[in-house]
Each structure stands twice: as structure tokens, then as C-alpha cells.
Amino acid sequence: MPVIRTLSKVAKQALLGTPGCGCQPLTLAVRNISFSPRQVTSDASFHSVSFSETDHPKVLITGGLGQLGVGLAKLLRKRFGKNNVILSDIRKPPSNVFHSGPFIYSDILDYKNLREIVVNNRITWLVHYSALLSAVGEANVALARSVNITGLHNILDIAAEHGLRLFVPSTIGAFGPTSPRNPTPDLCVQRPRTIYGVSKVHAELMGEYYHHRYGLDFRCLRYPGIISADSMPGGGTTDYAVQIFHDAIKSGKFECNLKHDTRLPMMYIDDCLRATLEVMEAPTDTLTMRTYNINAMSFTPEELAQELQKQMPLEVTYDVDHVRQAIADSWPMNFDDSNARKDWGWKHDYDLPELVQTMLNYFGTDTRMARAN
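Residues numbered from 1 in each chain as written. Predicted model: local features only at pLDDT ≥ 70, side-chain atom pairs only at ≥ 80, totals over all residues. Heavy atoms only, no water.

> Mind laying out the overall build of the chain, listing which residues take part and the relevant values?
On a plain count of helices and strands, the chain comes out with 13 helices and 13 strands. In the chain, which comprises 373 residues, the proportion classed as buried is 49%. Of the roughly 18,100 Å² of accessible surface on the chain, 53% is carried by carbon and sulfur atoms. (Helix = DSSP H or I, 4+ residues; strand = E, 2+ residues; numbered from the N terminus. Buried < 20%, exposed > 50% of the residue type's maximum accessible area, 1.4 Å probe, protein only. Areas by Shrake-Rupley, 256 points an atom, 1.4 Å probe, with all protein chains shown as cover.)

Next comes the structure, spelled out in C-alpha cells:
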């Protein structure tokens, strides 16, 4: 391109010394001669830089203090080494997270700061977990638009510029009331009616566009509702499936904010994190698409309560939150994840009985430790 050739010529003259005109030498910082999709002309092309198969990736996780970030960091550090996985967030980490491995401040809305982190730490994989969830996003649309869309644009540009392998999660919230619900295939009408869902469809399409336009190695999984014992609910519509365990252990009573027969796809966090690692490690030539559904189980609040009542006394009442119910009624009841199972061998480990037993084992151990202390 003429612009690049001109800058290269000027840089060479500056390095050779003072020009013949007697004016002061021109000093150019090396980073100013790099380019991103924001700066290049429309005929440019990017290609991901693949690292050696024997090398470990250097991973940056944004939004790392959310439900999934800490768990994924733990899994990846076991696989790639403690210092090869950097957790980041805009919040102060708890002591155990801070001392478990590298942690840095990272604001995805600060393009310059994010770019410096990628360059200074030689990042090769970026896992982008920063997002406002469904119910929280509806309460603050402007903030959700800024974090979920503007932040994503920063991530995409930096990932394309530096040849990163990029993972951005999507969700059951990326579908809407006109989508087929039981089952919901990978490719169908989506049309979500929440800012969270709209932003996730936007992420899917932008990621695929950057893949085809710039060669970005973009990978995406549509997560079902994720259930974990070691994190508190964070404002999502499926949070009842986590809160019920907290309340069952604490008081033996639970008030559900969805109708008893609201069926949604769900997954235990260990399956979710393993799926994320597996799709990131999958050879490129096995991927027939860039966004996949993944699924494990599908149940209603009533079915979850009944499974829990097999293990302990529990009184369940229902006080429906109409905003969350409307969101849930527009979402899939069951995911068709046959493409993920066929292309890169996805297989879940936890069904509903195993999920309940695992959660109770965790809380039982936690409760016994608290009583002992």
C-alpha cells in the first residue's frame, strides 16, 4: 500500500541520520507503524499467526472475575502453566484469586490499555468474558450497549491486528420468540428482544465477518444456563438454578422467580469450561462453523426442585418476575448441539442427577468447614 511504503521510506531516512536539508531528524516510534482494522484500507488482509504446536499459548481472559473466568483460568493454568494465563478485570480481585496466578487491571473500553497488555505480554489467545448479563442489561441498556458492543469492537480490532485466537461466548439469549425452541439448531431465525441477546448476535456475526474478511481465528460457543457452586448469581435469567442450592442449604426454603414449568437448557460449569478449552484447541480444519450450540441437560424449576428434594427437605414457592419470565419464554427450551459433537467431539459429563449431587457435595463440604471454623 502507498501509505505503508511512504512511512517505511521516512522511517529509513530517520534511522540513517540527519537529512541533507539540515532539519532535525524525524523519530518514529515503532508502534506507530503498526496497523489495525481501524486504520487500513479496504483491500487489506489479516492472517492469524499460528504458534508452534509445542509452544503453550499465552492467554488473556477479560472479565475474569465473573462466574466463568476464575474457573477457566484454573483449568488453563493446569494445562499451560501458571504464568501463561493472565486474568483481568476492572474490579479488585479477592486475595485467593490474586495469589493464584497473574492478574492485571484491564478495561475493555480503553483501547490503548488493552492493546498494550496484548503486546507487552505477547498474548496469543484472548478469551473475552466481559459482558452485562440479561436482567442487568435490561436495567441499564446504555451501559450494556457500551460494554457488550463497544468493548467487543475493541477486542475484535486488537485480536485481528495481532493475529490472536479469539473466543467470545454467546448464549441461549441470542435467540428470540420467533426462533424454533425445541430443539434450537445452530442456524435459524434469532431476533432476540433483550440488549444482551442483541449484543450476542452482533458478536457472533462480527466475529464471523472478521474471520472471513481479515482471517481472524474467531471461535464462539452458545452457552446454556451455567450452574456453579463457587460463584454467586450475577443477574442472569437462569440464576434461579444456582440460587436454589444456596437457599436450600441455608434455610430449606426457596422462592423461584420463574414459572414452575419453564424449561431451559442448562450445564454444569465443569462441562462448560472443558467445552471452551476443547473448541479452542480444535484443529481449524475440523470446524465447519465459527459459532456452535453446546448442551448438556434441559429442565424446569419444578424438575430441579424434585431432584433436590430427593436429597433434602425443601419448600418451594413461586413469585414470578415478569421481566425475567418474558425473557425465558423467548429462549430455547433445548439446544441441538449435534454439530459440536460431530465436528470436534463434544460430549457432556453431567446430567441432572449428577449435577445435584455434585452441588450438594460442594456445599456440604463448605458447610462442614464453616461449622468447624
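> Requested: an account of the pairing of strand β4 (residues 125–128), with residues and values cited.
Across the two faces of β4 the burial is the same, with W125 and V127 and L126 and H128 all buried. With three bridges connecting them, β4 and strand β5 (residues 165–167) associate as parallel partners. Residue pairing across strands places V127 opposite F167, the latter belonging to β5. (Pairing = 2+ DSSP bridges.)

> Kindly report on the sheet that holds strand β8 (residues 225–227), identifying the contributing residues and their values.
Taken in spatial order, the three strands of this open sheet run β8-β10-β12, and their pairing is mixed. Of all strands in the sheet, those bounded by a partner on one side alone are β8 and β12 (297–299). Neighbour-to-neighbour, the strand axes of this sheet turn through a mean angle of 45 degrees, independent of strand direction. Bridge analysis of strand β10 (residues 264–268) against β12 gives three bridges, and the strand direction is antiparallel. Directly across from M266, in β12, lies its bridge partner M297. (Axes fitted to C-alpha atoms, helices over the stretch in contact; angles between N-to-C directions.)

> Help me get a handle on unusual backbone geometry, residues and values and all.
Leave glycine aside and you will find that most residues have negative phi; peptide bonds, for their part, are mostly trans. Of note, the bond from N182 into P183 is cis; its omega dihedral lies within 30 degrees of zero at 0 degrees. A positive phi angle, close to 50 degrees, is found at R122, a residue other than glycine. Within the secondary structure layout, R122 lies in the loop between α4 (111–120) and β4. A residue is classified by how much of its surface remains accessible, and R122, at 68% relative accessible area, is exposed. In this model, R191 sits at a positive phi of 50 degrees, which is unusual for a non-glycine residue. Assignment of secondary structure puts R191 in the loop between β6 (170–171) and α7 (195–214).

> I'd love a proper account of the environment of I244, names of residues and values included.
Looking at the element boundaries, I244 is found in helix α8 (residues 240–250). For the pair formed by I244 and F254, sequence separation is 10 residues and the distance between their alpha carbons is 5.9 Å. Discounting residues that sit within four places of it in the chain, I244 has contacts with F254, L304, A305, L308 and L314. (Contact = heavy atoms within 4.5 Å.)

> Give me the lowdown on the nonpolar core, citing residues and values where you can.
Among the nonpolar cores identified, the biggest contains 70 residues, and I61, F299 and W344 are the most heavily contacted of them. When residues in this core are grouped by element, the largest group, seven residues, is from helix α9 (residues 269–281). Excluding residues that lie within four positions of it along the chain, I61 makes contacts with G69, L72, A73, L76, V85, I86, L87, S88, V127 and Y129. In this structure, L60, I117, L156 and A159 belong to the second largest nonpolar core, which totals 28 residues. (Core = buried A, V, L, I, M, F, W, Y, C linked by side-chain atoms within 4.5 Å.)

> Which residues make up empty space enclosed by the protein, and what are the values?
Scanning the model with the defined rule gives one cavity of 30 Å³ or more in all. If you add up the space inside the largest cavity, you get close to 60 Å³. Lining of the largest cavity is provided by H128, S130, A131, V147, N148, L152, V168, S199, K200 and A203. Counting only elements with at least two residues in the lining of the largest cavity, the list comes to α6 (141–161) and α7. (1 Å grid on protein atoms, 1.4 Å probe; cavity = no way out; pocket = protein on both sides within 12 Å on 5 of 7 lines; lining within 4 Å. Points joined across faces, edges and corners; volume = space filled by probe spheres on them.)

> Pulling in residues and values, what's your account of the pairing of strand β2 (residues 85–89)?
Residues in a regular strand project their side chains so that they alternate between the two faces of the sheet. Of all five residues in β2, five are buried; the element is thus mostly enclosed. Alternating positions in β2 separate into two faces, V85, L87 and D89 on one and I86 and S88 on the other, with burial throughout. Summarising the sheet, strand β1 (residues 59–62) and β2 pair through three bridges and their orientation is parallel. Bridging from a neighbouring strand, V59 pairs with V85 of β2. Note that the unit made of β1, helix α2 (residues 69–80) and β2 has a crossover that is right-handed. (Right-handed = clockwise from strand over helix to strand, strands pointing away.)

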